[in-house]
Amino acid sequence: MVDIELENVVVSAHLLEEVNLKEISQAIPDSKYDPDEFPGVSMLLDYPRVAVIILTSGKVVCTGAKSLEEAKDAIGILIKRLKEHGFKVNESPKINVQNVVASANLGKEIDFEKVKKNVGEKVEYMPEEFPGLIYKHPNTTVLLFKSGKIVCTGGINEREVKESIEKVVMEIS
């Protein structure tokens, strides 16, 4: 079977009730807030290397994690930083997975005509709009590129994206 690598786990959590984004950005070093550019405070964490965004609703979005554990660690670090600067936070938030992205490489080129013939209506190919085949599953979308690279997005856990990639690889082989 093909090696599958997690690329991005996006999670969200509700951390704050009272939100003053300007106050947060002024208190926490390395945070950025420019409401003309984006309506939230953004930060890059060093480890895990992820981006977090704090929105006016008190919701936090974490993107760039390579696993759910990394995403949870990042939320924990953010909670600690907010508390250290005097912000009242939900210390045990429910962490919701929004999206999991995984990739694989077949190590050989994909014959799009053969794939379209074998799997039929399951794939879309409009080269003038997107340079790959779009293979839709019930919960995920798998992108196939001529180079042999595969990207799966839309899953809510690692198992789901890996199973989608494995299924596609079996169908196109």
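Look up: the structure comes first, before these words.
This structure is a prediction, so every number in the text was calculated from the model and none was measured.

**Student:** Break down the environment of E23 for me, with residues and values.
**Tutor:** Position of E23 among the secondary structure elements: in helix 1 (residues 21-27). You can call E23 partly exposed: its relative accessible area is 43%.

**Student:** Any chance you could break down the packing of aromatic side chains for me, citing the residues and the numbers?
**Tutor:** Applying the stated criterion across every chain yields a total of 2 aromatic pairs. Their ring planes at 75 degrees and their centres at 5.0 Å tell us that F112 and Y125 sit as a pair that is edge-to-face. One end of the pair, F112, is in helix 3 (residues 112-119); the other, Y125, is in the loop between strand 7 (123-124) and strand 8 (132-136), with 13 residues separating them in the sequence. On the accessibility criterion, F112 (1% relative accessible area) is buried. When the ring of F130 is compared with that of F145, the centres are 5.7 Å apart and the planes differ by 55 degrees; the resulting orientation is tilted. With a gap of 15 residues between them, F130 in the loop between strand 7 and strand 8 and F145 in strand 9 (residues 141-145) connect regions that are remote in the sequence. F145 sits in the partly exposed class, given a relative accessible area of 21%. A cation over an aromatic ring shows up here: K146 above the ring of F112, its NZ or CZ 4.3 Å from the ring centre.

**Student:** Tell me about the sheet that holds strand 4 (residues 50-55), residues and numbers included.
**Tutor:** In space, the 10 strands of this open sheet follow the order 2-3-4-5-1-6-10-9-8-7, with antiparallel pairing throughout. A single partner strand is all that each edge strand has here, and the edge strands are strand 2 (31-32) and strand 7. Looking at chain direction, strand 3 (residues 40-45) and strand 4 are connected through 6 bridges and run antiparallel. Within strand 4, the position partnered with V41 by the bridge is I54. Strands in contact with helix 4 (residues 158-172) are strand 1 (4-14), strand 6 (96-105), strand 8, strand 9 and strand 10 (149-155); relative to strand 10, the strand with the most contacts, it is inclined by about 140 degrees.

**Student:** With reference to specific residues and values, describe the nonpolar core.
**Tutor:** Counting 47 residues, the largest nonpolar core has L15, I54, L82, L144 and I165 as the members making the most contacts within it. Not counting residues within four places of it along the chain, the set of residues in contact with I54 comprises L16, L21, I24, G40, V41, M43, K59, V60, L78 and L82.

**Student:** Which residues make up the pattern of salt bridges, and what values do they have?
**Tutor:** Across all of its chains, the model carries 8 salt bridges by this definition. D46 is the salt-bridge partner of R49, the closest N and O atoms lying 3.5 Å from each other. Residue classification places R49 among the exposed positions, given a relative accessible area of 53%. In this structure, the salt-bridge partner of K83 is E91, at a minimum N-O distance of 3.1 Å.

**Student:** Go over helix 4 with me, naming the residues and quoting the values.
**Tutor:** Every α-helix carries 3.6 residues per turn, so stepping three or four residues along brings you back to the same face. Its 15 residues give helix 4 an end-to-end C-alpha distance of 21 Å, which sits within 8% of 21 Å, the value for a rise of 1.5 Å per residue. Every buried residue belonging to helix 4 is among E160, V161, S164, I165, V168, V169 and I172, and all of these are buried. Buried residues of helix 4, viewed axially, fall in a sector of 165 degrees; they line one side. Across helix 4 from its buried face, at more than 90 degrees, point the exposed residues R159 and M170. For helix 4, the secondary structure elements touched by its buried residues are strand 1, strand 6, helix 3, strand 8, strand 9 and strand 10. Here helix 4 starts with a cap whose side-chain oxygen sits 3.2 Å from the backbone nitrogen of R159, and that cap is N157.

Thresholds applied
- Residues numbered from 1 in each chain as written.
- Predicted model: local features only at pLDDT ≥ 70, side-chain atom pairs only at ≥ 80, totals over all residues.
- Heavy atoms only, no water.
- Helix = DSSP H or I, 4+ residues; strand = E, 2+ residues; numbered from the N terminus.
- Buried < 20%, exposed > 50% of the residue type's maximum accessible area, 1.4 Å probe, protein only.
- Phe/Tyr/Trp six-rings, centres within 6.5 Å; stacked < 30°, edge-to-face > 60°.
- Lys NZ or Arg CZ within 6 Å of the ring centre and 35° of its normal.
- Pairing = 2+ DSSP bridges.
- Contact = heavy atoms within 4.5 Å.
- Axes fitted to C-alpha atoms, helices over the stretch in contact; angles between N-to-C directions.
- Core = buried A, V, L, I, M, F, W, Y, C linked by side-chain atoms within 4.5 Å.
- Salt bridge = Lys/Arg side-chain N within 4 Å of Asp/Glu carboxyl O.
- Expected span 1.5 Å × (residues − 1).
- Arc of directions from axis to C-beta.
- Polar contact = N/O pair within 3.5 Å; in protein donor to acceptor, adjacent residues only side chain to side chain.

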